[in-house]
Amino acid sequence: MENTCDILIVGAGVVGCALARELSRYSASIAVLDRGSDAAEGASKANSGIVHAGYDAVPGSLKAKYNVEGANMFPTLCETLGVPYSPCGALVVGFSEEDRGTLDVLLDRGLQNGVPGMRIISGDEARDLEPNLNPAVTCALLVSTSGIVSPYELTFALADDAALNGVSFHFDVSVSAVKPLPVGGYLVKTSRGDWHCRLFINCAGASSADLHNQLCPGVPLKITHRRGQYYLLDRPKEAPFSRTIFQCPSAMGKGVLVSPTAHGNVLLGPSAEDIDDPLDTAVTQSGLDSVMDRVRLTLPGLSIRTNITNFSGLRAHEEGGDFVIGPVPGCPGAYETVGIESPGLSSAPAIARALSARIAEAESLSPKKICVPYKKPLRPFREMTPEEQQEAIVKDPRYGTIICRCEVITEAEIVAAAHRPVPARSIDAVKRRTRAGMGRGQGGFCSPRVADILSRETGIPLLDITKNGGESYLLTGTLTEPAERRNQA
Ligand SMILES: Cc1cc2nc3c(=O)[nH]c(=O)nc-3n(C[C@H](O)[C@H](O)[C@H](O)COP(=O)(O)OP(=O)(O)OC[C@H]3O[C@@H](n4cnc5c(N)ncnc54)[C@H](O)[C@@H]3O)c2cc1C
C-alpha cells in the first residue's frame with residue numbers, strides 16, 4: 001500500500017504534536033506516524049513534567065533560547081488547551097561552598113538567558129519556605145518562574161487540536177527508512193507500507209539520529225539513551241513541600257528532584273544511566289536506590305510508604321550537547337529536531353512555533369483562511385462543586401456512574417476519551433486522558449470496566465482491547481470461547 005501527503009512528521013511526542021498543530025494552520029495535507037500505539041509513547045510520557053525557567057542551559061545555546069521562550073508560552077497555551085499547569089516555583093538547594101559557587105553560575109546563566117524572578121537565599125530562608133528541607137542545606141537558588149505541567153495531557157491536547165484541523169495520525173507504524181526521490185520529495189518506508197511526501201520532518205526522539213544519519217551520513221549525529229527512573233507517590237493529605245526542589249546539576253543532567261505533579265502527587269527522581277536499547281524503560285533496584293540516596297539528602301524525613309508506581313523515561317542526549325533543529329543539511333524539504341532532551345518539554349511550544357514559521361516561509365505554505373477552534377475537554381467531575389456535579393448528572397446520567405474510585409472518574413469521562421479527535425484505544429490511553437487507573441489502585445478495580453466501555457464505544461471486540469497496544473492483551477478468551485482463541489489468532 002502506498003500513501004501520500006504533503007508533509008510527513010515522524011514522531012507523535014510533544015515536539016511532533018506541537019509542530020503538527022502549528023503546521024495545521026497552513027493549507028497542506030499532514031500525516032504524523034508513530035511506532036507507538038498512541039501519542040506521547042516516548043520521552044513525552046515519562047519525564048519530570050517541569051516547565052523549567054531556563055537558568056540551567058548554557059547562554060547562547062538553542063536549549064537556552066527555546067526553553068525561555070517556551071516557558072513564557074506555557075500559561076496561555078495550557079489555559080487555551082485546558083491542560084493542568086501550575087506555576088509552583090522551584091528551589092535549587094546547595095550543601096557546601098562548592099554548591100554555592102554552582103548556584104552563582106546558575107543565577108548568572110539565568111540572568112544572561114533573560115529569566116526573571118531569581119535570587120540566592122540562605123539555608124534558613126529556604127527552610128522558611130520549605131520546612132521539611134534538610135538542616136544541612138546552606139543556600140538555595142529561588143526561582144519563581146518554574147512550573148509543572150502534565151506532559152502527556154499537553155501532548156494529547158496538541159494532537160487533538162492538530163487532528164481537528166485536518167492532521168491525520170497513524171499509530172503502530174514504524175519508520176525504517178527515508179530516501180530522497182530524484183523528482184523531489186521523499187520515499188518513507190514503514191512497517192505498514194510506503195509513504196510519499198513533499199516535506200519530511202523527523203521528530204523521532206530516541207531514533208531521530210538514525211533518521212538523520214540516513215539522510216545526511218556526511219554529518220552524522222549520535223544519541224545516547226540516558227534512562228531516568230522515578231517513584232510516584234500517592235496524593236498526600238498534607239503536601240511535604242510545595243515547590244520543585246532540585247539539587248545542583250551535574251554533567252549527567254539536572255539531578256534528582258522532588259516535585260509535586262500537576263495533579264498533586266509527589267514525584268521523586270530521575271536517576272541517570274546510559275543504556276544501549278532505545279526502548280528499554282525498565283526500572284531497576286539500583287536505579288531506584290540511587291534516586292532515594294539523593295532524595296534523602298533533600299528531605300531526610302520523606303517516607304515512600306505511599307509509593308504507587310515506578311516508571312522510567314529515556315533522555316535523547318546528542319553528543320554535541322545542544323538541540324539540533326532546522327533543515328537537514330543537503331536535503332531540500334527535509335527538517336529535523338534531534339537530541340531534544342531536557343528542557344525539551346519546556347521548549348516544545350517555542351521549537352514548534354519557530355520551526356513551523358521557518359518551514360512555511362522556505363516552502364511557501366499558505367495560511368488557511370479558517371481554522372477549527374479548539375474545544376477544551378470537559379472539566380473533570382472530581383473538580384466540580386457538588387452543585388455542578390448534580391447538574392452534570394442531570395444532563396448526562398453517565399456522570400452518575402463512578403468507574404475509577406481512587407481518582408473519581410465517571411463513565412461520561414471515559415466515553416469522552418474514546419471520542420476525542422485522537423481517541424483513546426487502550427486502557428493506558430484512557431488512563432492518561434482521564435486518570436482512571438492512575439490512583440493507588442493502579443487500575444486493579446476499574447480496568448475491566450474501562451475495557452468494557454472502550455469496547456462498547458469504539459466497536460473494538462473486548463478480547464482485542466489491550467493495556468497499551470501491541471500484544472498487551474488483557475483477556476485470553478471467554479468462558480464460552482476458551483483461551484485457544486487468542487492463541488490461534
Ligand atoms: C527522565 C526524563 C526527565 C525529563 N524531564 C523533563 C522536564 O522536567 N522538563 C522538560 O522540559 N523536559 C524534560 N525531559 C525532556 C522531555 O521529556 C523531552 O525533551 C521531550 O519529551 C521530547 O519530545 P519529543 O517529541 O522530541 O520525543 P518523544 O516524546 O520521545 O517522541 C518521539 C516519538 O517518536 C516515535 N518514534 C521514534 N522512532 C520512530 C520510528 N522509527 N518510527 C515511528 N515512530 C518513531 C516514538 O514512538 C515517540 O513517540 C525529560 C526527559 C526524560 C527522559
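Structure shown above.
Residues numbered from 1 in each chain as written. Predicted model: local features only at pLDDT ≥ 70, side-chain atom pairs only at ≥ 80, totals over all residues. Heavy atoms only, no water.

I would appreciate a short explanation of the overall build of the chain in the present structure.
Scanning the chain from terminus to terminus reveals 13 helices and 22 strands. Relative to a compact globule of 489 residues, whose C-alpha radius of gyration would be 23 Å, the chain shows 23 Å and is just as compact. Judged by the C-alpha coordinates and their principal axes, the chain covers about 65 × 60 × 45 Å. Across the 489 residues of the chain, 55% fall into the buried class. Residue pairs at least 24 apart in sequence account for 70% of intrachain contacts in the chain once pairs closer than 6 positions are excluded. Accessible surface, the chain: about 21,100 Å² in total, of which carbon and sulfur atoms supply 53%. (Helix = DSSP H or I, 4+ residues; strand = E, 2+ residues; numbered from the N terminus. Rg over C-alpha atoms; globule rule 2.2 N^0.38 Å. Buried < 20%, exposed > 50% of the residue type's maximum accessible area, 1.4 Å probe, protein only. Contact = heavy atoms within 4.5 Å. Areas by Shrake-Rupley, 256 points an atom, 1.4 Å probe, with all protein chains shown as cover.)

How do you make sense of the site of the ligand when you look at a structure like this?
As a matter of local geometry, the ligand sits amid 38 residues, with Asp34, Ser44, Ile50, Ile340 and Ser346 nearest to it. Taking serine 48, its main chain carries an N or O atom lying 3.3 Å from a nitrogen atom of the ligand. In the environment of the ligand, a nitrogen atom lies 3.3 Å from a nitrogen or oxygen atom belonging to the side chain of histidine 52. Computed on the free molecule, the ligand has an accessible area of 1,000 Å², of which 96% lies beneath the protein chains in the complex. For the shell around the ligand, the secondary structure elements donating two or more residues are helix H1 (14-23), strand S13 (223-233), strand S18 (307-318) and helix H8 (344-362). For the shell around the ligand, a count of residues per class yields 17 nonpolar, 17 polar and four charged. (Near = heavy atom within 4 Å. Polar contact = N/O pair within 3.5 Å; in protein donor to acceptor, adjacent residues only side chain to side chain. Nonpolar A, V, L, I, M, F, W, Y, C, P; charged D, E, K, R; others polar.)

I would appreciate a short explanation of the packing of helix H2 (residues 62-81) against H8 in the present structure.
Relative orientation and spacing of two packed helices are given, respectively, by the angle between their axes and the distance between those axes. Put simply, H2 and H8 touch, their axes get as near as 6 Å, and they point 95 degrees apart. Classified by the interaxial angle, the pair formed by H2 and H8 is roughly perpendicular. On the side of H2, the interface is formed by Lys63, Tyr66, Asn67, Glu69, Gly70, Ala71, Met73, Phe74 and Leu77, while H8 contributes Leu345, Ser346, Ser347, Pro349, Ala350, Ile351, Arg353 and Ala354. (Axes fitted to C-alpha atoms, helices over the stretch in contact; angles between N-to-C directions. Parallel < 35°, antiparallel > 145°, perpendicular 65-115°, else oblique.)

Taken by themselves, the reported measurements are silent on function.
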